[in-house]
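Summary of the model geometry
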Amino acid sequence: MIEAALQALAGVEQLFPHGIYRYAVGGVFVGLGVAVIYVATGISAGASTFLESTLSWVSDGSRFQRYTASRDWRVVFTLGIVLGAAVYAVIYQGGIWTTEVQLWRLFFGGVLVGIGTRIGKGCTSGHGVCGVGSASRTSFVGVAVFLLVAIGTAQIVMAAGVTP
Amino acid sequence: MIDERHPAFMPVVFVGGLLFGFGLGFSHMARPEVVLTFLQLTDLGLLFVMFGAAAVTAVTFFTVPRLRSTAPLTGSGYGRRLKQFDRRVVVGGVVFGVGWGVSGICPGSAYASLGIGNYPMLAGVAGMFMGAYLQGVWRSKQLSIGERP
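Residues numbered from 1 in each chain as written. Chains lettered and ligands numbered in written order. Predicted model: local features only at pLDDT ≥ 70, side-chain atom pairs only at ≥ 80, totals over all residues. Heavy atoms only, no water.

**Things to note about the packing of helix H7 (residues 126-133) of chain A against helix H3 (residues 46-67) of chain B**
So the rule is basically this: Lines fitted to the C-alpha atoms define the axes, with helices restricted to the stretch that makes contact. Angles between their N-to-C directions range from 0 to 180 degrees. Labels follow the DSSP assignment, with helices taken as runs of H or I lasting at least four residues and strands as runs of E lasting at least two, numbered in each case from the N terminus. Left-handed describes a crossing in which the near helix is turned anticlockwise from the far one by less than a right angle; the clockwise case is right-handed. Residue contacts are defined here by distance: any two heavy atoms, one from each residue, within 4.5 Å place the two residues in contact. Residues are grouped as follows: Ala, Val, Leu, Ile, Met, Phe, Trp, Tyr, Cys and Pro are nonpolar; Asp, Glu, Lys and Arg are charged; all remaining types, including Gly, are polar.
At their nearest, the axes of H7(A) and H3(B) sit 7 Å apart, and the two run at 35° to each other. Seen along the crossing, H7(A) lies across H3(B) with a hand that is right-handed. Of the residues in H3(B), those in contact with Gly128(A), Val129(A), Cys130(A), Val132(A) and Gly133(A) of H7(A) are Met50(B), Ala53(B), Ala54(B), Thr57(B), Ala58(B) and Phe61(B). A breakdown of the residues in the contact of H7(A) with H3(B) according to their chemical character gives eight nonpolar, three polar and no charged.

**What to know about the confidence of the model for chain A**
Definition in use: pLDDT measures how confident the predictor is about each residue, on a scale from 0 to 100.
Looking at chain A as a whole, its pLDDT mean stands at 95, while 100% of the residues score no less than 70. Per-element confidence in chain A ranges from a low mean pLDDT of 86 for helix H1 (residues 2-14) of chain A to a high of 98 for helix H5 (residues 71-93) of chain A.

**A few points about the interface of chain B and chain A**
For the record, the criterion: Here the buried area means the combined drop in accessible surface, using a 1.4 Å probe, for two parts upon being joined, counting both sides. Whenever Lys or Arg places a side-chain nitrogen within 4 Å of a carboxyl oxygen from Asp or Glu, that contact is recorded as a salt bridge.
Listed as interface residues are 110 residues of chain B and, on the opposing side, 119 residues of chain A. Taken over both partners, the interface formed by chain B and chain A buries close to 10200 Å², and the fraction arising from carbon and sulfur atoms is 75%. Remark: the boundary between chain B and chain A carries two salt bridges. Close ionic contact of Lys121(A) with Asp86(B) constitutes a salt bridge, the shortest N to O distance being 3.0 Å.

**Thoughts on the packing of helix H2 (residues 21-41) of chain A against H3(B)**
Defined as follows: These descriptions rest on fixed angle ranges, namely under 35 degrees for roughly parallel, over 145 for roughly antiparallel, 65 to 115 for roughly perpendicular, and the rest for oblique.
Relative orientation of the contacting elements H2(A) and H3(B) amounts to 30°, with a least axis distance of 7 Å. Comparing their axes, H3(B) and H2(A) come out roughly parallel. For the pair H2(A) and H3(B), the sense of crossing is right-handed. Contact with H2(A), carried on its side by Tyr23(A), Ala24(A), Gly27(A), Val28(A), Val30(A), Gly31(A), Leu32(A), Val34(A), Ala35(A), Tyr38(A) and Val39(A), involves Leu46(B), Phe48(B), Val49(B), Gly52(B), Ala53(B), Val56(B), Thr57(B), Thr60(B), Phe61(B), Val64(B) and Pro65(B) of H3(B) and no other residues of that element. Residue classes in the contact of H2(A) with H3(B) are distributed as 17 nonpolar, five polar and no charged.

Encoded structure:
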């Protein structure tokens, strides 16, 4: 009985080879960032609208122009994200870190992420953090769909032998 | 509206971004490799990032509107982020999911990735802008056709 419980526990631990501390603490900070803006302004900020709102400076398409009122603070929010991560890097990383993931994966994946988030009305922060936090059923569905599809895709890419 | 913004508006948005980006750095979500190990189901820690963040926002979104009726810096009411559900949420989710699964990047984590010095991520950010542009141009055209009598 005890042995079975210990085995189950070891199985769970294998699913978290780096523990959960850094993930949970990081997540709380992400949530705090959204919460601070919400409390002060009533806005629930997601990361992906920045793409469209910034494009309103270079394209007069109606899809972009509807974000002209928010485009300036979205730039500030994004600069904050970049610098916040830089603060982490200075304190804990001690230098720059670069990915080994191939450029074509970053670019091609980025294109699909850019298209998908705009069709689907949100991304991992808009649906995943703000929407789920709002108990929005639309966001629950959005998160379930992109999570399952992403897991399936990553499995296929891995099985095809693409590394890293 | 823009001229009448509270002087603390931008600083607060910036601080919110700092916390958000620090969290993405600390949680290692700014590293595509770590996101990919989650999607390959060898390290499920990312669940705690999403749920940890959503737990904080859920408490905030639930509590704050019961304490105050309007936000101090904008005077606007506290709404919930409820988007209308339609087929597009599913279609967009599928496209987003394929992109996320191929690359291990999503918008927030890509911006944060630049912050930790990961300059190859510029390719990912360029891709996201291109994708959003293609979708926006196509959608703008579709809307203007729809508006014709």
